[in-house]
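# Report on the structure
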Amino acid sequence: MRVMVIVKATADSEAGTLPTTADMAAMGAFNEQLAEAGILRSGDGLKPSVNGKRVAFDGPGRKVIDGPFAATTELIAGFWIWEVADMAEAVEWVKRCPNPMPGPSEIEIRPFYEASDFGEAFTPDLAELEDRVRRIIEDK
């Protein structure tokens, strides 16, 4: 089961407060454990939303919205992509994670859709298309 593990933003992350050397070492050690366990697929921290953009869609129209964005607790400060046996395993790993922020923080775990979730709508042609896209990504 693939999951995205989302580090929720805080006032500190939105202010651009960078982690200390000790914080980076602790997170690096945790990431190493994830990699050695074969769980870690990808992950990184994100700059504050002041550096971001949103594109709003309305039919054929597109509107670009500059950051910063309100509702800090609804923003993402970082993420991992993990491959785990089930949600219980993901929760156990998150509980071992060093606190990613200087103060109170939250980490959200969300499973990815799998082809089987779409039933008959996920046709063999769509499966072939998905395979082609993955091969292109892997070749880059």
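As a reminder, the structure under discussion sits directly above these lines.
Residues numbered from 1 in each chain as written. Predicted model: local features only at pLDDT ≥ 70, side-chain atom pairs only at ≥ 80, totals over all residues. Heavy atoms only, no water.

### A short note on the environment of Gly78
Among the secondary structure elements, Gly78 is positioned in strand E5 (residues 76-83). Using a relative accessible area of 3% as the deciding quantity, one classes Gly78 as buried. Separated by 30 residues in sequence, Gly78 and Pro48 place their C-alpha atoms 10.0 Å apart. With sequence-adjacent residues up to four places away left out, Gly78 is seen in contact with Val5, Ile6, Val7, Asp44, Gly45 and Leu46. (Helix = DSSP H or I, 4+ residues; strand = E, 2+ residues; numbered from the N terminus. Buried < 20%, exposed > 50% of the residue type's maximum accessible area, 1.4 Å probe, protein only. Contact = heavy atoms within 4.5 Å.)

### Brief notes about helix H2 (residues 21-36)
Helix length check: H2 (16 residues) gives 22 Å between terminal C-alpha atoms against 22 Å at 1.5 Å per residue, within 8%. Among all positions of H2, only Met27, Phe30 and Leu34 are buried. With its buried residues spanning 55° around the axis, H2 presents them on a single face. More than 90 degrees from the buried face of H2, the exposed residues found are Thr21, Ala22 and Glu36. Where H2 is buried, its residues contact strand E2 (40-45), E5 and helix H3 (87-96). (Expected span 1.5 Å × (residues − 1). Arc of directions from axis to C-beta.)

### Concerning the environment of Glu114
Secondary-structure assignment places Glu114 in the loop between strand E6 (107-111) and helix H4 (124-139). C-alpha of Glu114 to C-alpha of Lys47: the two residues are 67 residues apart in sequence and 29 Å apart in space. Beyond its immediate sequence surroundings of up to four residues, Glu114 is in contact with Met1 and Arg2.

All we've got here are geometric facts, nothing functional implied.
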